[in-house]
Amino acid sequence: MDTEATAADTSATDTPPADSSRWFYGCAIAVIAFFVLIMLGAAAVTEFEKSLDGDGQMEQPGLSGSVSQPLGPGMTARYEDGLSVTVSRPQPHDDGTYSLTVTFKNGTDEQLRLDGDSFPPALVVRAGASGDDYASGYSVSWLNSEKSRVALVPPLAEGKERGVAVRMKPTRTGVPVTVEVTPPDAGYRETAHFQLTLG
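What you are looking at is a predicted structure, and each value in this text was computed from that prediction instead of being measured.

Cut-offs used in this document
Residues numbered from 1 in each chain as written. Predicted model: local features only at pLDDT ≥ 70, side-chain atom pairs only at ≥ 80, totals over all residues. Heavy atoms only, no water. Patch = residues over 30% accessible without salt bridge, like charges linked within 9 Å, V, L, I, M, F, W, Y side chains within 5 Å. Areas by Shrake-Rupley, 256 points an atom, 1.4 Å probe, with all protein chains shown as cover. Salt bridge = Lys/Arg side-chain N within 4 Å of Asp/Glu carboxyl O. Helix = DSSP H or I, 4+ residues; strand = E, 2+ residues; numbered from the N terminus. Phe/Tyr/Trp six-rings, centres within 6.5 Å; stacked < 30°, edge-to-face > 60°. Lys NZ or Arg CZ within 6 Å of the ring centre and 35° of its normal. Pairing = 2+ DSSP bridges. Axes fitted to C-alpha atoms, helices over the stretch in contact; angles between N-to-C directions. Buried < 20%, exposed > 50% of the residue type's maximum accessible area, 1.4 Å probe, protein only.

1. Let's talk about a nonpolar patch on the surface
In step 1: On the surface, Val31, Phe34, Phe35 and Ile38 cluster together to form a nonpolar patch covering roughly 390 Å² of accessible area.
In step 2: Relative to the elements of secondary structure, Phe35 occurs in helix α1 (residues 2–53).

2. Some details on the packing of aromatic side chains
In step 1: With the rule as written, the count across this model stands at 0 aromatic pairs.
In step 2: Above the ring of Tyr79, the side-chain terminus of Arg189 is found at 4.9 Å from the ring centroid.

3. Re the sheet that holds strand β9 (residues 192–198)
In step 1: If you trace the 3 strands from one edge of the open sheet to the other, you get β5-β8-β9, paired in antiparallel fashion. Two strands close off the open sheet at either side, each with one partner strand: β5 (123–127) and β9. Across the sheet, the axes of successive neighbouring strands diverge by a mean angle of 20°, strand direction being ignored.
In step 2: Bridging between strand β8 (residues 175–181) and β9 involves 7 bridges; their strand directions are antiparallel. Across the sheet, the residue bridging to Val175 is Leu198, located in β9.

4. Here we look at the pairing of β8
In step 1: Most of β8 is tucked away: 7 of the 7 residues are buried.
In step 2: Across the two faces of β8 the burial is the same, with Val175, Val177, Val179 and Val181 and Pro176, Thr178 and Glu180 all buried.
In step 3: Bridge count between β5 and β8: 5 bridges; the pairing is antiparallel. Bridge pairing in β8 places Ala127 opposite Val177.

Rendered as structure tokens:
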């Protein structure tokens, strides 16, 4: 008799821990599900904001690449649709000229046209700081402008990149130069401004 009573008491005391562990696991799963829903909601809001902006907006930390916050040499402008554009540091040559490379990397899910005859032009190299309408006392000649524009004409396949060589000759050393890149888009694409110094 005593043995049966003891067995009954033991089984009775084992039940509450099982109930409390089920409650604990249930709460843990509910908390995890809650945080997952919050993260999914935040991602959906971010994607919705991007769709309102359009894929032609630049999206990057630090300098925006706008007229008032131009990027420097070696920096990259990143567009929301996956296109990125990098302007290398200018390299001096013995004849007083400088060269740099503008690299387009197609991280979108489609072929892109970088047409050199678009308006505004896809690539502009001019003397002066970003935002200056006119540079006084100096100028920069873009020596291979036609070759650079021709290099932009063939479509750029998905996942590929293309470097466009730019060769310039300033009237003196220490001249500020602005490189403006406006890759064409069916809708709208922001112009990326890069500012650098020759010499």
